[in-house]
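For reference, the chains in residue letters:
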Amino acid sequence: MFYSSMNLVLSSPLEQFEVVNFISISAPILGYLNLSLTNLGLYSILVLFLILSLHILGNNENKLVPSYWSLPLESSYASVHSMVKSQIGIANEQYLPFIYSLFFFILISNLVSNVPYNYALTTSLIVSLGLSITIWIGVTILGLYKHRVHFFSFFIPSGTPGILVPLLVLIEFISYVARAFSLGVRLFANLVAGHTLLKILSGLLTKLFTSGVIFFILTLVPFSIFVALCGLEIAVSIIQSYVWCILTCSYLKDAIDLH
């Protein structure tokens, strides 16, 4: 996220979401192969490094007393485990590692984006929709593997009159396909809206702070509101990762139990 109260350059609020090349290497000998490192790729590596580092530091296998690093991780694991257990069921806890990894990837990506001048990885449609569509395809394959042809009964609600079956099948099918995009669009829209708002407000506050002593004093009130909005954006980052995992558990539950 590129918002900052010290930003003196007027620019579009949407520039912070652009994918920028840092390094680009062309190799004509290898058939005009082009290798590029963008901010999208760099922050994907950074998020992976942060997740691994947190779990290495929080490793408490050889100690009786938990460390400051292990306590938050154990609490996060307990919360995700409780969510998976309540949403999917005790018999299907084999999906816990996947949900836990997904939770931390989205959480760390969102939190990193709240640091000024950092790129918001989850505001990229490639990332958000890519994750969403991949999960939808995986859940569909899981449902077909477990139930074979009976999986298609998911599109026919029980007790439906025969005359309404074609219409309801169409509605249920459209609703099911929409799942492939709803997860990604929800995450993308929430973060883009919040980051854009903070970018616009930070530009306005910068101009007010530099307009004189009187304006500087008067601007302290809206600046306190801006700080509160920053805190709200951090809360949204955490909530969105939790909501994403709950909905993923719900999709898994539907694929496993159908009705």
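Because the structure is a prediction, the values reported are computed rather than measured.

1. Regarding the overall build of the chain
In step 1: Looking only at helices and strands, the chain features 7 helices and 2 strands.
In step 2: Relative to its full complement of 259 residues, the chain shows a buried share of 36%.
In step 3: For the chain, the proportion of contacts with a sequence separation of at least 24, taken over those separated by at least 6, is 69%.
In step 4: Here the chain displays about 15,000 Å² of accessible surface, and carbon together with sulfur accounts for 74% of that area.

2. As for the packing of aromatic side chains
In step 1: Across all of its chains, the model carries 15 aromatic pairs by this definition.
In step 2: With a centroid separation of 6.2 Å and 70° between ring planes, the pair formed by F151 and Y176 is classed as edge-to-face. Here F151 is found in the loop between α4 (125-147) and α5 (165-209), whereas its partner Y176 is found in helix α5, with 25 residues between them in sequence. With respect to burial, F151 and Y176 carry one shared label: buried.
In step 3: With a centroid separation of 5.6 Å and 75° between ring planes, the pair formed by F209 and F223 is classed as edge-to-face. Of the two residues, F209 sits in helix α5 while F223 sits in helix α7 (residues 220-257), which places them 14 residues apart along the sequence.
In step 4: Exposure remark for F209: the relative accessible area of 18% places this residue in the buried category.
In step 5: A residue is classified by how much of its surface remains accessible, and F223, at 28% relative accessible area, is partly exposed.
In step 6: Its end group placed over the ring of Y145, R148 keeps NZ or CZ at 5.5 Å from the ring centre.

3. Comments concerning unusual backbone geometry
In step 1: Despite not being glycine, Y117 has its phi angle at roughly 75°, a positive value.
In step 2: Examined against the element boundaries, Y117 turns out to sit in the loop between α3 (96-113) and α4.
In step 3: One non-glycine residue with positive phi stands out, namely R148, at about 55°.
In step 4: Relative to the elements of secondary structure, R148 occurs in the loop between α4 and α5.

4. Examining the pattern of salt bridges
Where charged atoms from two side chains of opposite charge approach closely, those side chains can pair.
In step 1: If you walk through the whole model with that rule in mind, you get 2 salt bridges.
In step 2: The salt bridge partner of R179 is D254, with a shortest N-O separation of 2.8 Å. Note that R179 is positioned in helix α5 and D254 in helix α7, a separation of 75 residues in sequence. One exposure class covers both R179 and D254, and it is buried.
In step 3: A salt bridge links D257 to K253; the shortest N-O distance between them is 2.7 Å.

5. Re the packing of helix α2 (residues 70-87) against α3
In step 1: Their axes nearest at 10 Å, the elements α2 and α3 cross at an angle of 125°. Accordingly, the angle class assigned to the pair α2 and α3 is oblique. For the crossing formed where α2 meets α3, the hand is right-handed. Within the contact between the two elements, α2 uses L73, S76, Y77, V80, H81, M83 and V84 and α3 uses L96, I99, Y100, F103 and F104.
In step 2: Across the contact of α2 with α3, the residue classes break down as 10 nonpolar, 2 polar and no charged.

How each quantity is defined
- Residues numbered from 1 in each chain as written.
- Predicted model: local features only at pLDDT ≥ 70, side-chain atom pairs only at ≥ 80, totals over all residues.
- Heavy atoms only, no water.
- Helix = DSSP H or I, 4+ residues; strand = E, 2+ residues; numbered from the N terminus.
- Buried < 20%, exposed > 50% of the residue type's maximum accessible area, 1.4 Å probe, protein only.
- Contact = heavy atoms within 4.5 Å.
- Areas by Shrake-Rupley, 256 points an atom, 1.4 Å probe, with all protein chains shown as cover.
- Phe/Tyr/Trp six-rings, centres within 6.5 Å; stacked < 30°, edge-to-face > 60°.
- Lys NZ or Arg CZ within 6 Å of the ring centre and 35° of its normal.
- Salt bridge = Lys/Arg side-chain N within 4 Å of Asp/Glu carboxyl O.
- Axes fitted to C-alpha atoms, helices over the stretch in contact; angles between N-to-C directions.
- Parallel < 35°, antiparallel > 145°, perpendicular 65-115°, else oblique.
- Left-handed = near helix turned anticlockwise from the far one by under 90°.
- Nonpolar A, V, L, I, M, F, W, Y, C, P; charged D, E, K, R; others polar.

Geometry only, nothing functional implied.
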